[in-house]
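As a plain string of letters, each chain reads:
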Amino acid sequence: MKSYHLRHPLESPKENAAGAGQGPATGGGTVPIQGGCTCENNETSNVIQSTDALVAHWEGDKGKQAVKASVPPDAYQIGYHDLGVAKEAFVGLVRMNDKCLRVLKDFIKVVDTVGGPLANLNPIAQVAVGLVTKAARTILDQDSYDESVSALLTKVQEVYEFLQEEDTLQHIQEREQILLQIAQVVSNCAEFISKYSEKKSFAPRFAKQFFSDTQSNIDDLNQRLDALMQLYRDRAVQSIHINVLRLSDDCKIDGMRYAKEVGMMTAKKCLDGTREQLLADIMRWINDPDPNMPRMFYLYGQAGRGKSAIAHTIALWCKNAGILGSCFCFARDRQAEHLERRIFTTIAHDLANRDLLLRRAVADAITADDSLKTTPDAIQQWEKLIVPASEVSSALVGKVVIVIDALDEAEFRKDILPILATRVSSLPPSFRILITSRPLPDVQRFLMDLPHARNMTLDGVPTEDDIHLYITTELANENEIGETEVRQLARKSDGLFEWARLACEYIKTSTAGQTVKERFDDVMSHGSEEGNLLDAMYNAILDSAIGKKPRTLKRFRSVMHQVLSIFEPLPMDTLDVMRTRFPHKTDHYRVKVILEFMGALLSGVTDTSMPIRPLHTSFYDFLANPLRSGDYCVVVQTMDAKLASASLSILCSELRFNICNLETSYLCNTEVTDLVERIAVKISSQLSYSCRFWMKHLQQTEFTTELAIQVRSILGSEKVLFWFEVLSLLNAWGSVGMDIQSTGRWLQGQKGFEDVAAMARDCMRFV
């Protein structure tokens, strides 16, 4: 039961504390007023009666005598007047808070009503309602409420009354995005109210600023809620930026190494209306309040089953609901970056950006051990960054969801699988981790049948209806494709969304002398008896786009050699520049002659500034296996010598002193305010790539005199210092030390190049 203590206007706080809990006061004591905000009318009445009793005690003979004997007459009159004012204010506050909390309880009853108006909501609406309900329970759990937050409680009351209006309940699903934004702000309100009393205890040190900030925050929250409720009523859908409420100064985390561009992508989400049951099951797992609910959900299936689409959809929904902690997606074309070494620092960085409490926990850990900013040790990252952040999550409203997609694409996953298998179970009940992967033996061995994880396979899950809807949507403008053809394609897909995507792309792509219906017939003629369905589709697309002419095939293999051999996806413009530096002139042609016809298989072909990468990782496997790809097979090993030579040539021509034109060398990189802009202008994409990866390509080649001479031109001149400067500007030291050692071994024992090997050893001392 909550309690309010109305202090005698002339007593000290110490006397008040001493008198609390005793009977009717005499002299300077206090009268404890029980009941308060319990949402029960009789208890509210008791509070008011107790307040009246205190006033009556003051007015009584004994009270008057006790007070008058200890204070001057003027003070007695002032105190008596103040008590009357305090009584009116206090009774008003109790009645107002009582009504607010009663409204919150009524809302929870509506939510808990089986078969009520909030039953059978779609997953996004479920998340929003779950957040609002959690916020209501958080507010109800508070021991007391200060007058300073009464205006906020009044606004919260309006919101929950609004949420129970008939028109609101009828349109929750169609206006789910606005409801999600309301849920975010209400969650901020609940968090503000729950933390207010804690913050207030420090207020005497900076009272003026504290109460000014409090009022400012309350005004901001009230305005946002008013705007969102009006937006809901107006049936408009627009984005209102919801900033995370910060109650104190931001604690910045600088220099922390984390992976970039590994997060959620809206373009990869499931088509609306597909995978509804599966997505709903995952959202129910996320929202389940049972503290014993498994913390991890392991979703696995063969290539093309749609695992990544599901992961990106869940991440998007959770982001919209304000409960996404982090989304980390591995990729085959980024294996050279060893993203697994930064997975938990990246997750910790994302958590720190989500909430101030989490940010403080991560910052405190780094303050205690600065090496955590850069350590590749996954266990240290987990124990000293993730665990401390998780320990403060109980103070947050709602779940903390982490999505890890395509774990099978992590080259050195052996370092993180044991952590996921043994340590996730100790996370707080509010944490949820969704993992997707192909069912590779090592992944299955670690993640299957864990007591703290749910397992689900996509292999064998009925998806024909979903694929039918997808194909219907994709081919809606093709007049020659009707319901019969759509049904045949859906049936042939055998549950492979990637096959369905490829089939639609093939049918939609115009080719000379062929109708849409004839392209449909081509797709249907490649039966499953010819091998893997995806392989058959890849061969059909390449037959149409590339053909079997010798010169075209040779150029296709060369360009795809280049695309598959680079350690980081590059745009067409950069690929072209590097190709002009290849040793043989026969390779000096624009990659566009091949790539512009590969839109069904590669991304970035329509925008020369976007990186080229396969739309599905299974295309890598197809091209690398001669039994599967036949004439289109790519032998990757032959390309590294060309890329090493091109990279060294670019270093030789583009490196120069003070490449970013910095005014002084006495500032750290982090102190140069416009460094990012300078790098973008002064360091080309090809130079950035060449500085970071020339040695890695060199390691993959046999020794040649031509390459050794190029290495000498860099290591044996002032350009080596310019190279170091670029690495510093790009914050790309990473594995440079090991790469230089490998370069030294590549040169070791080579007659006539002993001096270059010595230069490599000198570079090691510098690094």
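In case you missed it, the structure is sitting above this.
A short tour of the structure in this document, coming up. (Residues numbered from 1 in each chain as written. Predicted model: local features only at pLDDT ≥ 70, side-chain atom pairs only at ≥ 80, totals over all residues. Heavy atoms only, no water.)

With respect to helix 10 (residues 276-287)
Point 1. With 12 residues, helix 10 extends 16 Å from end C-alpha to end C-alpha; this agrees with the ideal 16 Å at 1.5 Å per step.
Point 2. As for helix 10, its buried residues are in contact with helix 5 (123-140), strand 3 (296-300), helix 11 (307-321), strand 5 (400-405), strand 6 (431-437) and strand 7 (453-457). (Helix = DSSP H or I, 4+ residues; strand = E, 2+ residues; numbered from the N terminus. Expected span 1.5 Å × (residues − 1). Contact = heavy atoms within 4.5 Å.)

With respect to the nonpolar core
Point 1. Judged by nonpolar contacts, the single largest core of 103 residues is most densely connected at Met560 and Trp723.
Point 2. Residue contributions to this core peak at eight residues, all from helix 19 (residues 497-508).
Point 3. Excluding residues that lie within four positions of it along the chain, Trp723 makes contacts with Leu651, Leu655, Cys691, Trp694, Met695, Leu715 and Ile740.
Point 4. Among the nonpolar cores identified, the runner-up in size contains 73 residues, and Val186, Ile193, Cys318 and Cys329 belong to it. (Core = buried A, V, L, I, M, F, W, Y, C linked by side-chain atoms within 4.5 Å. Buried < 20%, exposed > 50% of the residue type's maximum accessible area, 1.4 Å probe, protein only.)

Regarding the packing of aromatic side chains
Point 1. On inspection of all chains with the given rule, the structure shows 17 aromatic pairs.
Point 2. Ring plane angle 40 degrees and centroid distance 5.6 Å describe the contact between Phe724 and Trp733, whose orientation is recorded as tilted.
Point 3. On the accessibility criterion, Trp733 (28% relative accessible area) is partly exposed.
Point 4. Among the aromatic side chains, those forming a connected cluster through ring pairs are Trp694, Trp723, Phe724 and Trp733.
Point 5. Geometry around Trp285 places Arg432 over its ring, the cationic atom sitting 5.7 Å from the centre.
Point 6. Residue placement shows Arg555 over the ring face of Tyr589; its charged tip is 4.5 Å from the ring centre. (Phe/Tyr/Trp six-rings, centres within 6.5 Å; stacked < 30°, edge-to-face > 60°. Lys NZ or Arg CZ within 6 Å of the ring centre and 35° of its normal.)

Thoughts on unusual backbone geometry
Point 1. Phi at Glu261 is positive, roughly 60 degrees, even though this residue is not glycine.
Point 2. With a phi close to 50 degrees, His338 is a non-glycine residue in the positive phi region.
Point 3. Looking at the secondary structure, you find His338 in the loop between strand 4 (324-329) and helix 12 (343-354).

Let's talk about helix 28 (residues 675-682)
Point 1. Among the residues of helix 28, Leu675, Arg678 and Ile679 are the ones counted as buried. Taken end-on, helix 28 shows its buried residues confined to a sector of 100 degrees, consistent with a single buried face. Turned more than 90 degrees away from the buried face of helix 28 sit Val676, Ala680 and Val681, all of them exposed.
Point 2. Summarising the contacts, the buried residues of helix 28 are in contact with helix 31 (719-729). (Arc of directions from axis to C-beta.)

Structural notes on the packing of helix 30 (residues 705-715) against helix 32 (residues 736-747)
Point 1. Contact pair helix 30 / helix 32: the axes reach a minimum separation of 12 Å and the direction vectors enclose 135 degrees. By the angle class used here, helix 30 and helix 32 are oblique. The crossing of helix 30 and helix 32 is left-handed. Contact residues: helix 30 offers Leu707, Ala708 and Val711, while helix 32 offers Thr743, Trp746 and Leu747.
Point 2. Partitioning the contact of helix 30 with helix 32 into residue classes produces five nonpolar, one polar and no charged. (Axes fitted to C-alpha atoms, helices over the stretch in contact; angles between N-to-C directions. Parallel < 35°, antiparallel > 145°, perpendicular 65-115°, else oblique. Left-handed = near helix turned anticlockwise from the far one by under 90°. Nonpolar A, V, L, I, M, F, W, Y, C, P; charged D, E, K, R; others polar.)

Quick look at the sheet that holds strand 6
Point 1. The sheet built from five strands is open, its strands ordered 4-5-6-3-7 with parallel pairing. Strands at the two margins of the open sheet, each flanked by one partner only, are strand 4 and strand 7. For this sheet, the mean inter-axis angle between neighbouring strands, taken without regard to orientation, is 10 degrees.
Point 2. Bridge count for strand 3 against strand 6 is five bridges, and the pairing is parallel. Across the sheet, residue Tyr300 finds its bridge partner in strand 6, namely Ser437.
Point 3. In the packing of helix 12 onto the sheet, the strands contacted are strand 4 and strand 5, and the crossing angle to strand 4 comes to about 150 degrees. (Pairing = 2+ DSSP bridges.)

Digging into a nonpolar patch on the surface
Point 1. On the surface, Leu721, Phe766 and Val767 cluster together to form a nonpolar patch covering roughly 300 Å² of accessible area.
Point 2. The topology assignment puts Phe766 in helix 33 (residues 754-766).
Point 3. For Phe766, a relative accessible area of 52% puts it in the exposed group. (Patch = residues over 30% accessible without salt bridge, like charges linked within 9 Å, V, L, I, M, F, W, Y side chains within 5 Å. Areas by Shrake-Rupley, 256 points an atom, 1.4 Å probe, with all protein chains shown as cover. Salt bridge = Lys/Arg side-chain N within 4 Å of Asp/Glu carboxyl O.)

Considering the pattern of salt bridges
For side chains of opposite charge, pairing can occur when their charged atoms come near one another.
Point 1. Overall, the coordinates contain 32 salt bridges when judged by the stated rule.
Point 2. For Asp459, the salt bridge is made with Arg305, and the minimal N-O distance between the two is 3.2 Å. A residue pair is termed long-range when its members are at least 10 positions apart, and Asp459 in the loop between strand 7 and helix 17 (464-474) and Arg305 in the loop between strand 3 and helix 11 qualify at 154 residues.
Point 3. Residue class for Asp459 comes out partly exposed when judged on its relative accessible area of 26%.
Point 4. Given a relative accessible area of 13%, Arg305 falls into the buried group.

Brief notes about the pairing of strand 3
Point 1. With five of its five residues buried, strand 3 lies for the most part within the structure.
Point 2. Of the two faces of strand 3, the one carrying Met296, Tyr298 and Tyr300 and the one carrying Phe297 and Leu299 are both buried.
Point 3. Note that strand 3 and strand 7 share five bridges and pair parallel. Opposite Leu299, over in strand 7, you have Met456 as the bridge partner.

Re the pairing of strand 4
Point 1. A large share of strand 4 lies buried, amounting to six of its six residues.
Point 2. Strand direction decides the pairing type here: strand 4 and strand 5, joined by five bridges, are parallel. Counterpart to Phe328 in the pairing with strand 5 is Ile404.

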